[in-house]
Amino acid sequence: DAKTTQPPSMDCAEGRAANLPCNHSTISGNEYVYWYRQIHSQGPQYIIHGLKNNETNEMASLIITEDRKSSTLILPHATLRDTAVYYCIVLLSFNDMRFGAGTRLTVKP
Amino acid sequence: NAGVTQTPKFQVLKTGQSMTLQCAQDMNHNSMYWYRQDPGMGLRLIYYSASEGTTDKGEVPNGYNVSRLNKREFSLRLESAAPSQTSVYFCASSEAGVLSNQPQHFGDGTRLSIL
């Protein structure tokens, strides 16, 4: 029972913004949206999370639609080291945290 | 992945052998977690510890036991390893408990093969 839907793969040119979409149409009012990424052979890396408002940190921006049924992770200036699998997760508590298949982002020179 | 350290990084076992995977975090986090990652399956929660002294089953606990030794350390034990337990195991921690919105931080994993 996947809570999120992401495209399986995306490409992005180095230096350009990478916009990764995620659909979560069944999200409940108190569930957060989290984004993680996993670079080959490493552990998942936390990127950003939000509830209703858009969020920005040193890594990325998170845009959540007003109805909260979808969100977009934005890497403003993608580099080759951003090539990874990106996971969008919605959850209320971490004891129910499940990673799906994610989006494989390839940043190309 | 500074903060969560897993040992060993690689291990090969024979069916029926036992072993313990170690995990330690230095971020003073309350909650710790064990996941396994298999191709095409994403990460699946095995066990978690919401706070020191407590442990609870996750999605796939069969064949595993855990010990929250202290606030820093959370170990995963395979009593009698089976080939189906061949996987990459990740330990994670979070600051303020399973109901907090504070994110999890992961170690770099233990790659375990059961022959």
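Before reading on, note that the structure itself is shown above.
Everything numeric in this text was worked out from a predicted model, so none of it was measured. (Residues numbered from 1 in each chain as written. Chains lettered and ligands numbered in written order. Predicted model: local features only at pLDDT ≥ 70, side-chain atom pairs only at ≥ 80, totals over all residues. Heavy atoms only, no water.)

S.K.: Help me understand the overall build of chain A in this model?
M.R.: Helix and strand content of chain A: 0 helices and 9 strands. Over its C-alpha atoms chain A spans a radius of gyration of 13 Å, differing by no more than 12% from the 13 Å that the globule rule assigns to 109 residues. Expressed as lengths along the three principal axes of its C-alpha atoms, the size of chain A is roughly 40 × 30 × 20 Å. Counting every position in chain A, which comprises 109 residues, the buried fraction comes to 45%. Accessible surface for chain A amounts to roughly 5600 Å². Of this, 48% is attributable to carbon and sulfur atoms. One finds the centroid of the 10 positive side-chain charges in chain A at a distance of 3 Å from the centroid of its 10 negative side-chain charges. (Helix = DSSP H or I, 4+ residues; strand = E, 2+ residues; numbered from the N terminus. Rg over C-alpha atoms; globule rule 2.2 N^0.38 Å. Buried < 20%, exposed > 50% of the residue type's maximum accessible area, 1.4 Å probe, protein only. Areas by Shrake-Rupley, 256 points an atom, 1.4 Å probe, with all protein chains shown as cover. Lys, Arg positive; Asp, Glu negative; His and termini not counted. Charge placed at Lys NZ, Arg CZ, Asp CG, Glu CD.)

S.K.: What is the right way to look at the layout of surface pockets in this model?
M.R.: Rolled over the atoms, a probe sized like a water molecule indicates the empty space that remains. As a volume, the largest pocket reaches approximately 510 Å³. Taken together, 25 residues form the lining of the largest pocket, with A:Q38, A:V85, A:Y87, A:R104 and B:Q37 sitting closest to its centre. At the level of secondary structure, the elements contributing two or more residues to the lining of the largest pocket comprise strand 8 (84–91) and strand 9 (103–108) of chain A together with strand 4 (31–38) and strand 9 (87–94) of chain B. Of the residues assigned to the lining of the largest pocket, the class counts are 11 nonpolar, 11 polar and 3 charged. (1 Å grid on protein atoms, 1.4 Å probe; cavity = no way out; pocket = protein on both sides within 12 Å on 5 of 7 lines; lining within 4 Å. Points joined across faces, edges and corners; volume = space filled by probe spheres on them. Nonpolar A, V, L, I, M, F, W, Y, C, P; charged D, E, K, R; others polar.)

S.K.: What am I meant to see in the state of the cysteines here?
M.R.: As used here, a disulfide is simply a covalent bond connecting the sulfur atoms of two cysteines. All names here are of chain A. Taken as a whole, this structure holds 2 disulfides over all chains when the rule is applied. One disulfide bridge connects C22 with C88, the sulfur atoms lying 2.1 Å from each other. Because the sign of the S-S torsion sets the handedness, a value of about -80 degrees for the bond joining C22 and C88 places this disulfide among the left-handed ones. Here C22 is found in strand 2 (residues 18–23), whereas its partner C88 is found in strand 8, with 66 residues between them in sequence. (Disulfide = S-S within 2.5 Å.)

S.K.: Hey, could you run me through the pairing of strand 6 (residues 61–64) of chain A in this one?
M.R.: Each regular strand shows side chains that alternate between the opposite faces of the sheet. Residues and elements named next belong to chain A. Where strand 5 (residues 55–56) lies against strand 6, 2 bridges are found, and the strand directions are antiparallel. Looking at strand 6, one finds that E55 is bridged to L62. Counting the residues that bridge the hairpin from strand 5 to strand 6 gives 4 residues. Of the pairings in the sheet, the one linking strand 6 to strand 7 (residues 70–75) comprises 4 bridges and is antiparallel in character. Pairing of I63 across the sheet is with T72, part of strand 7. Taking the residues between adjacent antiparallel strands as the criterion, strand 6 and strand 7 are bridged by 5 residues, where R68 takes a positive phi near 65 degrees. (Pairing = 2+ DSSP bridges.)

S.K.: Is there a simple way to think about the interface of chain A and chain B in this case?
M.R.: Where interface size is given, it is often the accessible area lost as the parts come together that is meant. Between chain A and chain B, the residue contacts involve 19 residues of the former and 24 residues of the latter. For the pair chain A and chain B, the summed buried surface comes to about 1700 Å²; carbon and sulfur atoms form 53% of the total. Our enumeration of links across chain A and chain B arrives at 3 residue pairs in polar contact (both at pLDDT 80 or more). Mapped onto the side of chain A that touches chain B, the elements with two or more residues apiece are strand 3 (32–38) and strand 4 (45–50) of chain A. For the side of chain A that touches chain B, the element with the highest residue contribution is strand 3 of chain A, accounting for 4 residues. Residue composition of the side of chain A that touches chain B, by class: 10 nonpolar, 8 polar and 1 charged. (Contact = heavy atoms within 4.5 Å. Buried area = accessible area lost by both parts, 1.4 Å probe. Polar contact = N/O pair within 3.5 Å; in protein donor to acceptor, adjacent residues only side chain to side chain.)

S.K.: What's the story with the sheet that holds strand 8 of chain A in this structure? I'm lost.
M.R.: Sheets are built from strands that pair by backbone hydrogen bonding, the pairs being arranged parallel or antiparallel. All names here are of chain A. The mixed open sheet is built from 5 strands, whose spatial order is 1-9-8-3-4. Sheet topology places strand 1 (9–13) and strand 4 at the edges, where each strand pairs with a single neighbour. Taken over all neighbouring pairs, the strand axes of this sheet differ in orientation by 25 degrees on average, direction set aside. Pairing of strand 1 with strand 9 involves 5 bridges; the strand directions are parallel. The residue bridging D11 from the neighbouring strand is T106, located in strand 9. (Axes fitted to C-alpha atoms, helices over the stretch in contact; angles between N-to-C directions.)

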